Number of protein chains: 2
Amino acid sequence: LPGRKVLIVYAHQEPKSLNGSLKSVAVEELSKQGCSVTVSDLYAMQFEPRATRNDIVGRLHNLEEFDYGVEVREAYKRGDLSSDLIEEQKKVQEADLLIFQFPLYWFSMPAIMKGWMDRVLVEGFAHQFPDCYSSGFLKNKLALFSFTTGGSQEMYTKGGISGDIRYLLWPMQHGIMHYCGVKVLAPHICFAPESVSEEERKEMLLAWAQRLKTLWKEKPIDCSPEWYFK
Amino acid sequence: LPGRKVLIVYAHQEPKSLNGSLKSVAVEELSKQGCSVTVSDLYAMQFEPRATRNDIVGRLHNLEEFDYGVEVREAYKRGDLSSDLIEEQKKVQEADLLIFQFPLYWFSMPAIMKGWMDRVLVEGFAHQFPDCYSSGFLKNKLALFSFTTGGSQEMYTKGGISGDIRYLLWPMQHGIMHYCGVKVLAPHICFAPESVSEEERKEMLLAWAQRLKTLWKEKPIDCSPEWYFK
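A brief look at the structure comes next. (Residues numbered from 1 in each chain as written. Chains lettered and ligands numbered in written order. Predicted model: local features only at pLDDT ≥ 70, side-chain atom pairs only at ≥ 80, totals over all residues. Heavy atoms only, no water.)

**A word on the interface of chain B and chain A**
Reasoning step 1: Chain B puts 51 residues into the contact, and the matching count from chain A is 51 residues.
Reasoning step 2: Both faces considered, chain B and chain A share a buried interface measuring about 4,100 Å² in area, 63% of it formed by carbon and sulfur atoms.
Reasoning step 3: If you look at where chain B meets chain A, you find zero salt bridges.
Reasoning step 4: Where chain B meets chain A, there are 22 residue pairs in polar contact (both at pLDDT 80 or more).
Reasoning step 5: Of all the elements in the fold, those that place two or more residues in the side of chain B that touches chain A are helix H4 (111-120), helix H5 (165-177) and helix H7 (225-229) of chain B. (Contact = heavy atoms within 4.5 Å. Buried area = accessible area lost by both parts, 1.4 Å probe. Salt bridge = Lys/Arg side-chain N within 4 Å of Asp/Glu carboxyl O. Polar contact = N/O pair within 3.5 Å; in protein donor to acceptor, adjacent residues only side chain to side chain. Helix = DSSP H or I, 4+ residues; strand = E, 2+ residues; numbered from the N terminus.)

**Focus: the pattern of salt bridges**
All names here are of chain A.
Reasoning step 1: Summed over all chains, the structure comprises 28 salt bridges over all chains.
Reasoning step 2: Lys32 is paired through a salt bridge with Glu29; the nearest N and O atoms lie 3.8 Å apart. Here the residue Lys32 and the residue Glu29 both occupy positions in helix H1 (residues 18-32), the gap between them amounting to three residues, near one helical turn.
Reasoning step 3: Residue classification places Glu29 among the buried residues on the basis of a relative accessible area of 7%.
Reasoning step 4: Three or more residues are tied together by salt bridges with common partners; here these are Arg73, Glu74, Lys77 and Glu123. (Buried < 20%, exposed > 50% of the residue type's maximum accessible area, 1.4 Å probe, protein only.)

**Here's the deal with the pairing of strand E2 (residues 36-41) of chain A**
All names here are of chain A.
Reasoning step 1: Pairing of strand E1 (residues 5-10) with E2 involves six bridges; the strand directions are parallel. Considered in E2, the bridge of Tyr10 is made with Asp41.
Reasoning step 2: This β-α-β element, E1 to H1 to E2, shows right-handed connectivity. (Pairing = 2+ DSSP bridges. Right-handed = clockwise from strand over helix to strand, strands pointing away.)

Now the structure itself:
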């Protein structure tokens, strides 16, 4: 939709990869619609995944015992978070839609993207108990997890050895995005692209472009245990 | 048990934290039993969580397009993984039991520990499809996830807003450890230590020490969807 703002948080080392192409397809299609698109290319940025004292500029709140959650909460209030975090928070604040594009690593996102979650979604900025889930501070935003897998679609079924793919979406979609109040669109999953033909990979890119054309008409999923485990 | 080897993979920034104390209690109790205990103190080691080209020493297998999974698999075969990974793999290889000690960050482990999983458990070393799950290369080892939460135990129940705590254990226990053939002991969870009294925190440490006394007699959980989602 013209005027809508999209942040793509992207974690792949290789621009020529399918993940790189999926990201480019999204930039292209959404820009064509008149959206303003920003990309956080985590590997290219050498984004820091570790939650450490370096995230707080200047003096600590508690000099005796370092509690990361407390320190970043207090630093956020004072405007004393490190500049890379302030920048990411600005992008999140402005975005109507967050797209996370990554290869599935161990039933989850790569560490570099987990570090983005750990460090950017600070208490006071994204949530503040009991302001979580429906009253999280990022409400009125949408999120979409778009990823590739190594395993096949059959492995990721209820009877398959890796279980229903929805099982592993719970921590990411519900535990992170929904906790911050973000509404979640259905995930976009490319199963085992490395085991299919070049032709089929092209179809995967086309399917993603196609979905994006009507993305703004989609309704969020019902992010409750039933969606994941029923 | 005398002679048993334990690797504790530990991720907390502050030695004085409850996580730090839980780690120390485990080192003490297991050493007292005659076990040989090794700790990978990830923050102190400034462990690198990002999966990049730096994990491969020397020339790449494919110079045209960087595929991390392929490159580390090939580097492992040639003995060309970076030295920090070789060191961690040695510790894993020797261990009978892996204990992961961490504060829960966003329904999962902190990024620095996710990076340990992403980078250490290389194909060829820990698994090689179809050698996964019951035939994963790390069979005959045990793993135990020991962690603290911010949220209360009531939040993490089937009817609670954060859902049954077992839901979030699926990717870590089944998706990572079980995939590599490791058998999983019941998790050890300290709920919301920051919301309880000093006295109760001490009881948490005692309960952990107590459990460790008979740990070697425990049977692994049945790591199937029923355990998690029934």
